[in-house]
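Structural features, examined
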Amino acid sequence: MSAQDPEAPLAYLACSPGRRWLAAGMLFGLGLMILYLLAIQPPDAPAGIFLLFAVAAGALWLGLALYRATARHLVLTEERLADDLGEVLCETAAITRVERGLLAFKPSNGFVLLTREPGPFAWRPGLWWRIGRRIGIGGAAAGGSARLMADILQAQLAQRDGELP
């Protein structure tokens, strides 16, 4: 792109505290409501009790995982997209396309990156996921920050592919 430091941040993507609390709170609330339902009127069948307890435990676990994952933020540099702790999502040279259309399978307020090689499955609820060659960015993050990051990535790809001067 330019002669600047390749490790200088070009964009950040973070979740605001309000979005974090709202998203995690909904999952915690669901888990607690199911436990309350289980306590006041348990099903007759033992399988029903087990199923409700499993769903409640899953909602509580997911709420905690989402709250922890959204405490981190993503950093885009000229060379890579990584989180603030250094976990690399992908190198920018490995990105083939940025999808963010209306009908794209993408997170809410986000976009999807397609890479040349598949990566290991990873999921940070509310922030990003990776399945094979697809990396979904967004979820509980602000839409404006995600759009800015997607625009910068598309400009990097266009320049790399010779579509921009």
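In this report, we go over the structure that sits alongside the text. Computed from a predicted model, the values in this text were never measured in an experiment.

**Re the environment of Arg-20**
- Along the chain, the position of Arg-20 falls in helix α1 (residues 17–40).
- For Arg-20, a relative accessible area of 14% corresponds to the buried category.
- Distance in space between the C-alpha atoms of Arg-20 and Ala-158 is 34 Å, their sequence separation being 138 residues.
- Apart from the residues lying within four places of it in its own chain, the contact partners of Arg-20 are Cys-15, Leu-66, Tyr-67, Thr-70 and Ala-71.

**Digging into the sheet that holds strand β1 (residues 11–13)**
- Read across the sheet, four strands follow the order β1-β2-β3-β4 without closing on themselves; strand pairing throughout is antiparallel. Only two strands of the sheet have a single partner each, and these edge strands are β1 and β4 (88–91). Taken over all neighbouring pairs, the strand axes of this sheet differ in orientation by 15 degrees on average, direction set aside.
- By the bridge criterion, three bridges tie strand β3 (residues 80–83) to β4 in an arrangement that is antiparallel. What sits directly across from Leu-81, in β4, is Cys-90.
- Together, β1, β2 (74–76) and β3 form the strand contacts of helix α3 (residues 143–160), whose direction differs from that of β1 by roughly 140 degrees.

Rules behind the numbers
- Per chain, the residues get numbers from 1 upward, laid out in the order the sequence is written.
- A pLDDT threshold of at least 70 governs which residues receive local features in this predicted model, and a stricter bar of 80 or more applies before side-chain atom pairs are shown or counted, although totals over entire chains, interfaces and linings include all residues.
- The basis for the side-chain values is all heavy atoms of the structure; hydrogens and waters are excluded.
- Secondary structure is summarised from DSSP: a helix means a run of H or I of at least four residues, a strand means a run of E of at least two, and numbering begins at the N terminus for each.
- Exposure classes here rest on a 1.4 Å probe applied to the protein chains alone. A residue is buried below 20% of its type maximum, exposed above 50%, and partly exposed in between.
- Contacts are assigned to residue pairs that have any heavy atoms within 4.5 Å of one another.
- When DSSP finds two or more bridges between two strands, those strands count as paired.
- Axis definition: a line fitted to C-alpha atoms, limited for helices to the stretch in contact. Angles are taken between N-to-C directions and run from 0 to 180 degrees.

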